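Okay, here's what each chain looks like letter by letter:
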Amino acid sequence: MNGRVRTLAAMGAREFARTPVLLALLVVLPVYVIGVFVLLVDDTAVPLTIDGSVVNAEMSAFAAAFMTPVTVAILAGIVGLFLMQSSQAADDRLRLAGYRAGELVTARFGLLVVGTLLVTAASLAVALTAVTPELLGWFVLATVLTGLTYGILGVVVGVVLDRLPGVYVMLFAPMVDVLMFQNPLATDPPTWTSALPGHYATELLFAATFTTSVDGTDAVAAGGYVLLLLVLGTGLLYRTTAVE
Amino acid sequence: MTALGRVGAGVRAGTQSFVREPFNVVLLLVLPALSIQIYGVSLAQFPAVGIFDAAGTLETTGRITGAVFATGALAGVLGLFQMISARHADRRLALCGFPDVELVVSRLLTIAVVGSVIAGVATVTLVAILGEPVSAAPLVFVGLGVAAAAYGLLGILVGTVLPRELEGSLVLVILADVDNVFASGLFGIDESITQFAPLSHPHELVTAAVVDGQLATEHLLPAGGHLLVFAVLSIAAYTYAVGGEPA
């Protein structure tokens, strides 16, 4: 990493640190969302369909596991969206001042990763008080992949749309994808839902939480999805910042 | 210019700032339809018994949930962004001599006008998509209008307390999403708790109108209570933000 990227990343991190309300929200909101559901759901057993098999789980454990990717996806998506929106004017000036587009893209995605990891850490800290995943490492990896997927999607949406419509899209997309269509309470999900961004990461997450083995292809596909979006996001960001 | 004229100008300006962006108008028309259809399909994938306590079929419940969510979310985000973008302009207008009450009334009426349009579009879309006759469409509009009003006021409140787009959006999006899960009955959370979710009563009002063709009178009072609390809080916060702090 060259000095200019380091400086840009440090400035971005300083901007984060300068907004304590934002940092507090990124920590408090996961606690609120996951905590509320863990506390309020009935402690009954529910049948979950995971990789075609039915597994019974306590509702509170299911709520903790399930609301983790939902929360991370929503928050990372909004952070990605505004990261793009708020830095666009500054990036244009930096570009004119001699920064290369690749340096801007690297620094911005670095900041997105930091934001995603922060949200993920806060979410995991709450979720793990209510559920003990069978395979913790895979559970963490799946949560990070979900966050990165939606964080980069937020960046893409931020490039294509303005703030107001962008918030609408990032309000609906994680809710519909992760909460409604990747829900293991469903017994008959339409096949096309496997093409949605959250599918493979959440499959991996539920297998890691409630079974003793995971399907490696879910991890590869979820990672592939992140890479694909990263290429798309990088291309769009590169084009946006390549202003003369 | 009379007070009525000034309020009218404020409402026109607020409404036009939303309509001026063609993509906003497209979203206003497309999002309710998309949300209603997607929620209908998504709830139909769940087993018919054991998880939900639904008044109608799961598909119908899903579509009602989608309509209520789309209406609330659209109005809420609009209220939030309107408040954030208008804050400084309103502050300057207050300094120029505009009475606070006229500015507050303008903002509330703008939300009422755009919220009514959103509720109207969502009502027409829901009735069209349901594919079964809805005998009480005006009552559906009432339920969705309550959802729009509640979230429009919440948007103003959040936008006043957190006047930055990222922070405000984070809070409003989380509120709307969690509220919608409560209202949908997805986790089977006890009604004694979900009744405090702002969308739960509009959800029940719309459900009663669609399934039974009746007005769920027992939900009118709590829904009105929510509106009153949000109105008082948002007016107090707005008045403080516009007139109470130094320039």
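Think of each chain on its own: its residues are numbered from 1, step by step along the sequence as written. Chains carry letters from A onward and ligands carry numbers from 1 onward, assigned in written order. Note on the predicted model: pLDDT of at least 70 is required for a residue's local features to be given, and 80 or more for side-chain atom pairs to be given and counted; whole-chain, interface and lining totals, by contrast, use all residues. Note that the side-chain values use all heavy atoms of the structure and ignore hydrogens as well as water.

Draft legend 1. Geometry of helix α8 (residues 200–212) of chain B. Residues and elements named next belong to chain B. If you check α8, its first and last C-alpha atoms are 17 Å apart, about what 13 residues at 1.5 Å a residue would give, namely 18 Å. Exposure is judged per residue with a 1.4 Å probe applied to protein chains only, and the accessible area is read against the type maximum: over 50% gives exposed, under 20% gives buried, and values in between give partly exposed. The way it works is that DSSP assigns letters per residue, a run of H or I at least four long becomes a helix, a run of E at least two long becomes a strand, and they are numbered from the N terminus. Taken as a whole, α8 has its buried residues at Ser200, His201, Pro202, His203, Leu205, Val206, Thr207, Ala208, Ala209 and Val210. Immediately beyond the C-terminal end of α8, within one or two residues, lies Gly213, with a positive phi of roughly 70°. To estimate the expected span of a helix, count its residues, drop one, and scale the result by 1.5 Å.

Draft legend 2. Highlighting helix α1 (residues 3–17) of chain A. Residue and element names in this part refer to chain A. Between the first and last C-alpha of α1 there are 21 Å, a value that for 15 residues agrees with the 21 Å anticipated at 1.5 Å per step. Every buried residue belonging to α1 is among Val5, Leu8, Gly12 and Phe16, and all of these are buried. All buried residues of α1 project into a common sector of 85° when viewed along the axis, lining one side. Of the exposed residues in α1, the ones pointing more than 90 degrees away from its buried face are Arg6 and Ala17. Residues of α1 that are buried make contact with α2 (20–40), α3 (59–96) and α4 (101–127). Comment: arc refers to directions from the helix axis out to C-beta atoms. Contacts are assigned to residue pairs with any non-hydrogen atoms lying within 4.5 Å of each other.

Draft legend 3. Expanded view of the confidence of the model for chain B. Residues and elements named next belong to chain B. Across chain B, pLDDT averages 85, with 94% of residues at or above 70. The predictor attaches a confidence to each residue, called pLDDT, with possible values from 0 through 100. When the elements of chain B are averaged for pLDDT, helix α7 (residues 191–194) gives the smallest value, 81, and helix α5 (residues 137–161) the largest, 94. Among the scores for the predicted complex, ipTM is 0.79 and pTM is 0.86.

Draft legend 4. Molecular detail of the pattern of salt bridges. Residue and element names in this part refer to chain A. By definition, a salt bridge exists where a carboxyl oxygen of Asp or Glu is found within 4 Å of a side-chain nitrogen of Lys or Arg. Counting across every chain of the model gives eight salt bridges over all chains. In this structure, Arg100 and Glu103 form a salt bridge, with 3.2 Å as the shortest nitrogen-oxygen distance. A relative accessible area of 5% places Glu103 in the buried class. Members of the salt-bridge network, linked through shared partners, are Arg4, Arg100 and Glu103.

Draft legend 5. Spotlight on the interface of chain A and chain B. At the junction of the two partners, chain A supplies 44 residues and chain B supplies 43 residues. Two parts placed together each lose some accessible area under a 1.4 Å probe, and adding up what both lose gives the buried area. The junction of chain A with chain B conceals about 4,100 Å² of combined surface from both sides, 84% of it contributed by carbon and sulfur atoms. Looking only at chain A, the three residues that lose the most surface to chain B are Tyr168(A), Phe172(A) and Met180(A), adding up to 17% of its buried area. Scanning the region where chain A abuts chain B turns up one salt bridge. In this structure, Glu165(B) and Arg163(A) form a salt bridge, with 2.3 Å as the shortest nitrogen-oxygen distance.

Draft legend 6. Up close: the side chain of Thr194(B). Residues and elements named next belong to chain B. Inspection of the secondary structure puts Thr194 in helix α7. According to the relative accessible area criterion, Thr194 is buried, its value standing at 8%. Apart from residues no more than four positions distant in its own chain, Thr194 is found in contact with Phe182, Ile189 and Ser200.

Draft legend 7. Layout of the packing of α4(A) against helix α5 (residues 136–160) of chain A. Residue and element names in this part refer to chain A. α5 packs onto α4 with a crossing angle of 135° between their chain directions and a minimal axis gap of 9 Å. In terms of their interaxial angle, α4 and α5 are classed as oblique. Classified by chirality, the crossing of α5 by α4 is right-handed. Each of Phe109, Leu112, Val113, Thr116, Leu117, Thr120 and Leu124 in α4 lies in contact with α5, whose residues at this interface are Phe139, Val140, Thr143, Val144, Gly147, Leu148, Gly151, Ile152 and Val155. Orientation is described by lines fitted to C-alpha atoms, with helices fitted over the stretch in contact, and by angles between N-to-C directions that extend from 0 to 180 degrees. Under this scheme an angle from 65 to 115 degrees is roughly perpendicular, one under 35 degrees roughly parallel, and one over 145 degrees roughly antiparallel; angles in between are oblique. With the far helix as reference, a near helix turned anticlockwise by less than a right angle produces a left-handed crossing, and one turned clockwise produces a right-handed crossing.

Draft legend 8. Main features of the confidence of the model for chain A. On average, residues of chain A score 88 in pLDDT, and 98% of them are at 70 or above. Predicted confidence in chain A is weakest over α1(A), with a mean pLDDT of 81, and strongest over helix α7 (residues 199–210) of chain A, with 95.

Draft legend 9. Molecular detail of the packing of α5(B) against α8(B). Residues and elements named next belong to chain B. Put simply, α5 and α8 touch, their axes get as near as 8 Å, and they point 170° apart. By the criterion of interaxial angle, the relationship of α5 to α8 is roughly antiparallel. Here Leu139, Val140, Gly143, Leu144, Val146 and Ala147 of α5 come into contact with α8, specifically with Pro202, Leu205, Val206, Ala209 and Val210.

Draft legend 10. Examining the nonpolar core more closely. Residues belong to one nonpolar core when they are buried, are Ala, Val, Leu, Ile, Met, Phe, Trp, Tyr or Cys, and are joined through side-chain atoms within 4.5 Å. Residues Phe37(A), Phe62(A), Met67(A), Tyr168(A), Phe210(A) and Phe187(B) are the most contacted members of the largest nonpolar core, which totals 144 residues. Ranked by the residues each element gives to this core, the list is headed by α3(A), at 19 residues. Residues contacting Phe210(A), with those up to four places away along its chain left out, are Leu48(A), Ile50(A), Val55(A), Ala57(A), Ala61(A), Phe62(A), Ala65(A) and Glu134(A). In this structure, Ala94(B), Leu103(B), Ile156(B) and Tyr238(B) belong to the second largest nonpolar core, which totals eight residues.

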